[in-house]
Amino acid sequence: MYIIVGLGNPGRDYENTRHNIGFEAIDRLADRNHIAMGEKKHKAIIGKGFVAGQKTVLVKPQTYMNLSGESVRDVINYYKIDEREQLIVVSDDISLQPGQLRIRKKGSAGGHNGLKNIILQLGHDEFPRVRIGVGEKPSGFDLADYVLGHFQKEEREVMEESAGRAAEAIEMMITDGPDKAMNQFNHRKD
């Protein structure tokens with residue numbers, strides 16, 4: 001069984017913002033695998049089904065970004081999985097160019113408050129993650145305003161495509177392992 005968590009903030013105001021690209025990747029994965037998202041449980045909206053032939057729970061925490069770990073901890077405790085092997089977290093990353101993917105088997109939060117809270121709740125940083133680049137904040141911008149801002153029209157198409165590639169990467173992580181997915185997807189976007 002796999003638990004796949006996309007990070008974001010709940011509510012209409014946050015739809016299509018940089019910080020919510022994790023939610024978009026989960027929606028793409030759900031669409032690709034015919035999983036209905038809508039059950040409210042574990043401080044999240046979840047969907048259950050099969051991804052790449054494996055029983056999977058898709059999770060969109062509804063705790064707001066900075067408390068994402070509370071929802072993740074609840075789901076892991078309920079399903080009793082080994083998060084080092086069976087959890088995949090999808091988040092935005094301002095240090096990557098828009099649309100670029102970076103898959104890691106473990107690592108620091110890199111300044112991302114949602115990842116920081118998950119690491120705090122789990123007590124370690126040894127879980128696979130897929131980071132989706134949303135671009136560096138322009139100088140003079142407040143970081144919160146930037147990540148909570150909406151994509152420019154020209155960025156929107158790139159981000160929709162990257163959410164789809166993130167879904168493909170997750171499927172490959174399940175079927176062939178994170179190393180193969182890293183080799184396939186961890187390259188600069190041209």
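In this text the structure is predicted, and so the values were computed from the model without any measurement.

Novice: Please provide a residue-by-residue account of the packing of helix H2 (residues 68-79) against helix H4 (residues 113-122), values included.
Specialist: Direction vectors running N to C along H2 and H4 enclose 45°, while the axes themselves pass 7 Å from each other. Classed by the angle they form, the pair H2 and H4 counts as oblique. The handedness of the crossing between H2 and H4 is right-handed. Here Ser-68, Gly-69, Glu-70, Val-72, Arg-73 and Ile-76 of H2 come into contact with H4, specifically with Gly-114, Asn-117, Ile-118, Gln-121 and Leu-122. Its residues assigned to classes, the contact of H2 with H4 comprises four nonpolar, five polar and two charged.

Novice: Describe helix H1 (residues 21-32), listing the residues and the values that go with them.
Specialist: Taking 1.5 Å per residue as the helical rise, H1 with its twelve residues ought to reach 16 Å, and the 16 Å between its terminal C-alpha atoms agrees with that figure. Burial in H1 covers these residues: Ile-21, Gly-22, Phe-23, Glu-24, Ala-25, Ile-26, Leu-29 and Ala-30. Those residues of H1 that are buried lie in contact with strand E1 (2-6), strand E3 (44-51), strand E4 (54-61), strand E5 (87-93), strand E7 (129-133) and helix H6 (153-176). Phi turns positive one or two residues past the end of H1, at His-34, with a value near 55°.

Novice: Hey, could you go over H2 for me, with residue numbers and the actual values?
Specialist: For H2, which comprises twelve residues, the first-to-last C-alpha distance of 17 Å matches the rise-based estimate of 16 Å (1.5 Å per residue) to within 8%. For H2, the set of buried residues is Ser-68, Gly-69, Ser-71, Val-72, Arg-73, Val-75, Ile-76 and Tyr-79. On its buried side, H2 packs onto E1, E3, E4, helix H3 (83-86), E5 and H4. One or two residues past the end of H2 sits Lys-80, with phi positive at roughly 50°.

What counts, and at which threshold
- Residues numbered from 1 in each chain as written.
- Predicted model: local features only at pLDDT ≥ 70, side-chain atom pairs only at ≥ 80, totals over all residues.
- Heavy atoms only, no water.
- Axes fitted to C-alpha atoms, helices over the stretch in contact; angles between N-to-C directions.
- Helix = DSSP H or I, 4+ residues; strand = E, 2+ residues; numbered from the N terminus.
- Parallel < 35°, antiparallel > 145°, perpendicular 65-115°, else oblique.
- Left-handed = near helix turned anticlockwise from the far one by under 90°.
- Contact = heavy atoms within 4.5 Å.
- Nonpolar A, V, L, I, M, F, W, Y, C, P; charged D, E, K, R; others polar.
- Expected span 1.5 Å × (residues − 1).
- Buried < 20%, exposed > 50% of the residue type's maximum accessible area, 1.4 Å probe, protein only.

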